[in-house]
Amino acid sequence: MIIFLQATAEGLALGAVYSLVAIGFVLIYKAMDVLSFAQPALAVVGAAFISALAVDRGVPFWIAFIVGIVLTGILSLIIERTFLRPMVGEPVFSVAILTIGIDILLRTVLDNWIGLNPRYLGDPFPSFGNFGSINIGGVVLKYLEISAFLTAVVVIILLSIFFKKSKYGVAMRATSFDQEAALAQGIDVGKIFALVWFIAGMLASFAGFFITGGFNTLTQFSFISALRALPAVVIGGLDSIPGAVVGSLIIGLTQGYVAYFQADMESLVGFPLGSGFSLVAPYLIMFVILLVKPDGLFGTEEVERV
Amino acid sequence: MRGRPNLYTDYRKESAVLPNLTQKFWFVVLLFFAFSLCLIASDYWILLLTTSFLIAVAAWGLNIVSGFAGQISLAHGVFVGIGTYTASVLGGVATTYVIGYELDMIIWLPLSGLSAALIGLLIAPISVRLKGLNLGLVTLALVFIGSHLFSNLKFITGGAGLGRKAAKLVLFGFDFDEGLVIGNLILEKNQLTYILALFVCVLAGLGVKNLTRSKTGRAYSAIRDGDIAAEAIGINLFKFKSSAFALSSFYAGITGALMFSVSGGVEPGTFNLIYSVTFIAIVIIGGGGTVLGPLFGALFFSLMPGAIQTAMHSFGFLGQDLALSLGQIERVIFGLFIILFLIFEPRGLWGIWFRLRNYFKAWPFSY
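Residues numbered from 1 in each chain as written. Chains lettered and ligands numbered in written order. Predicted model: local features only at pLDDT ≥ 70, side-chain atom pairs only at ≥ 80, totals over all residues.

A. Region of interest: the interface of chain A and chain B. With 31 residues of chain A in contact, the opposing surface of chain B contributes 33 residues. If you tally residues by element for the side of chain A that touches chain B, the top one is helix α4 (residues 92-114) of chain A, at 13 residues. Here the residues of the side of chain A that touches chain B are counted per class, giving 23 nonpolar, 7 polar and 1 charged. (Contact = placed C-beta atoms within 7 Å. Helix = DSSP H or I, 4+ residues; strand = E, 2+ residues; numbered from the N terminus. Nonpolar A, V, L, I, M, F, W, Y, C, P; charged D, E, K, R; others polar.)

Structure, rendered in structure tokens:
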């Protein structure tokens, strides 16, 4: 039972982190019809900014944290402005491939900077420690995991208020509903695109911090964890924010349970699933769900015309 | 040029593989030139050309399914991997931890293509169910499932980080390692593999060209341009999408079988997402939906490292401490080219070639 609770807690924390990246995916997809494969790379870029400032330059952690997140937002804004703006109206898939090109660029430069040794991101509470953990009735919760979960909840609440109440939030919803109609209403769609990418970039770097913080460290393979937000988005439906959150939790929980119960599963199915199966399980789930429900659990069904 | 080379008096002549004399002439000249390159080029460039010919075969495969039939596949690298491992098992040497049967190339080469095609056929029904981006995402899942299998089936692949030796190049009992002596001419292993790669590449290219002028090829284009409309005019979507996937995987399997036999060994980590994306990028840079495009793309991709090295050598940069290593510079340039081609020249290198050709056709007149 304790193992089950432990797996659940870790899964939820992972899911919360994925949901941050996933919401970025959905925001961009809704606003521009672009599936941005560059999102995982942006998450790692955010972590790298924080690490470079907090550890290499010795800037106090919280300043480094905020500056890193804002810098990532600005970087993603620049990417949108230079590379994606000319592609408005092009087929979805070409733009997706273009973002893979951006991903290759960002990651190559980043891998060079990261080098072979893992990098740390600094400690937000030097006396308290994000490296530490708390023990509740046998379930060990890392501070990092708890804060990841809380951050995700706060960010999701803030975002939903933003979309409901603020002028730009409403404009963003209008743009995602119909670009031309939004233009006709006097909404500056270009500005909305920029805002969407700025928010998505910041969300990605939040996730980047939680993926690489503490003992996880920043390595050349960190982006693979961030990429796992992609099956989460697909499961939930590419154009649904609640779907992204639910999908992320499903992926996170799956990963947690498989990591802890793989031996039991193997005795159930009767053949070894192989090492690192918990990392592939999300993609298996995505595979199955796409076959059953091609638009995801919460996505709007696409109407096809000849 | 005499007469009227562009006047076709019957359909057969117009749809010929090489419709006019100019094309026949240049085809033979280029073939002869490519063949003689193995005698004059240095070992380094021969190796680069060999890989580019083999990569072109896989790129043509992807072009069949994505460029002609319009079905997105991010899992092309996995099919290359399936071909590689079929060949390695059938033609490789057994050790204490991997299996291998040391068969002849004439057996393992077709079989590795066929096994990849078989897996492709298994995947194909998905493409009937899903379209566009969703299909791309499912194939993305396949990449991860595939590389998980590759790194865990240790008796076939040797396991992650270790890898195994690929198939031995033995054709009809003749070992490529021994080299060939014809009179005064001594052909070493790399020259022999070059000739083999060239042969396979030309064969594959002619196959693609043939496909475009057949009923199947026209059905593919119809599916790409609008699959509901294609179904309405009586094209069996299931049949043609399946055959597109099978054919494309066959090409990928052939490439996989030969490519790693040339380089010697293979590690399962090779067949990751980037590897599959490379093929998409090659098709995009070369020009999708054309016959020559993937060949251009493959030549560009494989010769780029050599070109960069030569350029850096002549500018005196080589050996200096640069911010990025040579491999990283290649990747940055590669990534940049994907982006730039998509924005400025969606038809790829083929589009540039097409405009150049048309410009010089009527030169110095504008039309």
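From this point, the narrative continues.
B. Quick look at the pairing of strand β2 (residues 139-142) of chain A. All names here are of chain A. Where strand β1 (residues 133-136) meets β2, 4 bridges bridge the pair, whose relative direction is antiparallel. Bridging from a neighbouring strand, N135 pairs with V140 of β2. Remark: 2 residues form the turn of the hairpin made by β1 and β2, two consecutive strands paired antiparallel; G137 in that turn has positive phi of roughly 55°. (Pairing = 2+ DSSP bridges.)

C. Fine view of the environment of F296 of chain B. All names here are of chain B. Mapped onto the elements of the fold, F296 is located in helix α13 (residues 293-315). Once the C-alpha coordinates of F296 and T216 are considered, the two residues, 80 residues apart in sequence, prove to be 24 Å apart. Residues contacting F296, with those up to four places away along its chain left out, are G286, G287, L349, W350 and W353.

D. Highlighting the confidence of the model for chain B. Scored by pLDDT, chain B has a mean of 83; 96% of the residues are at 70 or more. Here the predicted complex carries an ipTM of 0.83, next to a pTM of 0.87. (pLDDT = per-residue confidence, 0-100.)

E. Representation of helix α8 (residues 189-212) of chain B within the structure. Residue and element names in this part refer to chain B. For α8, with 24 residues, the first-to-last C-alpha span of 35 Å sits near the 34 Å given by 1.5 Å per residue. For α8, every residue scored as buried is listed here: Q191, L192, T193, Y194, L196, A197, V200, C201, A204 and V208. In this fold, the buried residues of α8 make contact with α2 (21-40), α3 (43-68), β4 (180-182), β5 (185-187) and α11 (237-263). (Expected span 1.5 Å × (residues − 1). Buried ≥ 20, exposed ≤ 12 C-beta atoms within 10 Å, placed from the backbone.)

F. Fine view of the nonpolar core. Counting residues in each nonpolar core, the largest one holds 194 residues, and the members touching the most others are V21, V196 and A207 of chain A together with I338 of chain B. The leading source of residues in this core is helix α1 (residues 2-32) of chain A, at 16 residues. With residues near it in sequence (within four places) discarded, V21 of chain A still touches Q39, P40, A43, L203, A204, A207, A226 and A229 of chain A. (Core = buried A, V, L, I, M, F, W, Y, C linked by C-beta atoms within 7 Å.)

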